[in-house]
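Here is what each chain is made of, one letter per residue.
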Amino acid sequence: MKYNYKDKQREINLQKEDLIYPLFIIEGSNIKNPVSSMPGVFQLSLDNLGAEVDEIVEFGIKAVLLFGIPAEKDAVGSGAYHEHGIVQKATRLIKERYPELLVIADTCLCEFTDHGHCGVVEGEQILNDPSLNLLAQTAISQAEAGADIIAPSNMMDGFVAAIRAGLDAAGFE
């Protein structure tokens, strides 16, 4: 069977309803730091998030993707899965204001660890299985806060299966 290149040459009709707006949420107050690689996008503290989400909804964008920037980091990235983590707080704030807005939560530990890896580190090695447990806890915590979609963004072996099993066990289908 010959490959049909015409299947890859169709017109694409991208509309604003298809867009997902990235939100970088930082702990603190009165923060609106520009993201230099993304003109018009900012790191926002929770007190500035509401106005930004109002504008996003006004533009007709139907989904946001949350990235958290914690004030404190530790070896196991506990801020990623804490009930009062920055992503969880932002999710609750958005859902209270706009329950119909699709909230996607970046599910990763690297921004929350003091070593920058997306898992538990022992010496020079990243421990896969203990990391999977923490990543599953992160997904569950994000879902409990109201995230509609959990977006795995790390490269740990078995990560998707681990978060799926964790979410299922916690009652999130």
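Analysis parameters
Here the residue numbering is sequential within each chain, running from 1 through the sequence in written order. Totals for whole chains, interfaces and linings use every residue, but because this is a predicted model, local features are given only for residues with pLDDT of at least 70 and side-chain atom pairs only at 80 or more, for both listing and counting. Hydrogens and water are ignored here; the side-chain numbers use all heavy atoms of the structure. Only protein chains enter the area calculation, which uses a 1.4 Å probe; residues under 20% of their type maximum are buried, those over 50% are exposed, and those in between are partly exposed. Secondary structure elements follow DSSP: runs of H or I of four or more residues count as helices, runs of E of two or more count as strands, with numbering from the N terminus. Strand pairing is assigned whenever DSSP identifies at least 2 bridges connecting the two strands. Residue contacts are counted whenever heavy atoms from the two residues lie within 4.5 Å of one another. What counts as an axis is a line fitted to C-alpha atoms, over the stretch in contact for a helix, and the angles between N-to-C directions run from 0 to 180 degrees.

*Asks:* Looking at this structure, how should I read the pairing of strand S1 (residues 20-26)?
*Replies:* The side chains of a regular strand alternate between both faces of the sheet. Where burial is concerned, most of S1 is hidden: six out of the seven residues are buried. Pairing between S1 and strand S4 (residues 63-69): seven bridges, direction parallel. Its bridge partner lying in S4, Phe-24 is registered against Phe-67. Summarising the sheet, S1 and strand S3 (residues 42-44) pair through two bridges and their orientation is parallel. Paired with Phe-24 across the strands is Gln-43, a residue of S3.

*Asks:* Whenever I open this one, the environment of Ala-147 confuses me. Can you help?
*Replies:* By secondary structure assignment, the location of Ala-147 is in the loop between helix H4 (128-145) and strand S8 (149-152). Classification of Ala-147 as buried rests on a relative accessible area of 11%. If sequence neighbours within four positions are ignored, Ala-147 has contacts with Thr-91, Val-103, Ala-105 and Gln-142.

*Asks:* For this particular structure, what's the right way to read the sheet that holds S4?
*Replies:* Hydrogen bonds between backbone groups are what pair the strands of a sheet, and the pairing can be parallel or antiparallel. Taken in spatial order, the six strands make up an open sheet running S2-S3-S1-S4-S5-S8, and their pairing is mixed. At either margin of the open sheet sits one strand with a lone partner, and together these are strand S2 (32-34) and S8. Within the sheet, the average angular offset between the axes of one strand and its neighbour, ignoring direction, is 30°. Where strand S5 (residues 102-107) meets S8, four bridges bridge the pair, whose relative direction is parallel. Residue pairing for S8: Asp-106 is matched across the bridge by Ala-151. Relative to the sheet, helix H1 (residues 46-58) contacts S1, S2, S3 and S4, its axis offset from that of S1 by approximately 170°. Docked against the sheet, helix H3 (residues 86-97) engages S1, S4 and S5, running at close to 150° with respect to S4.

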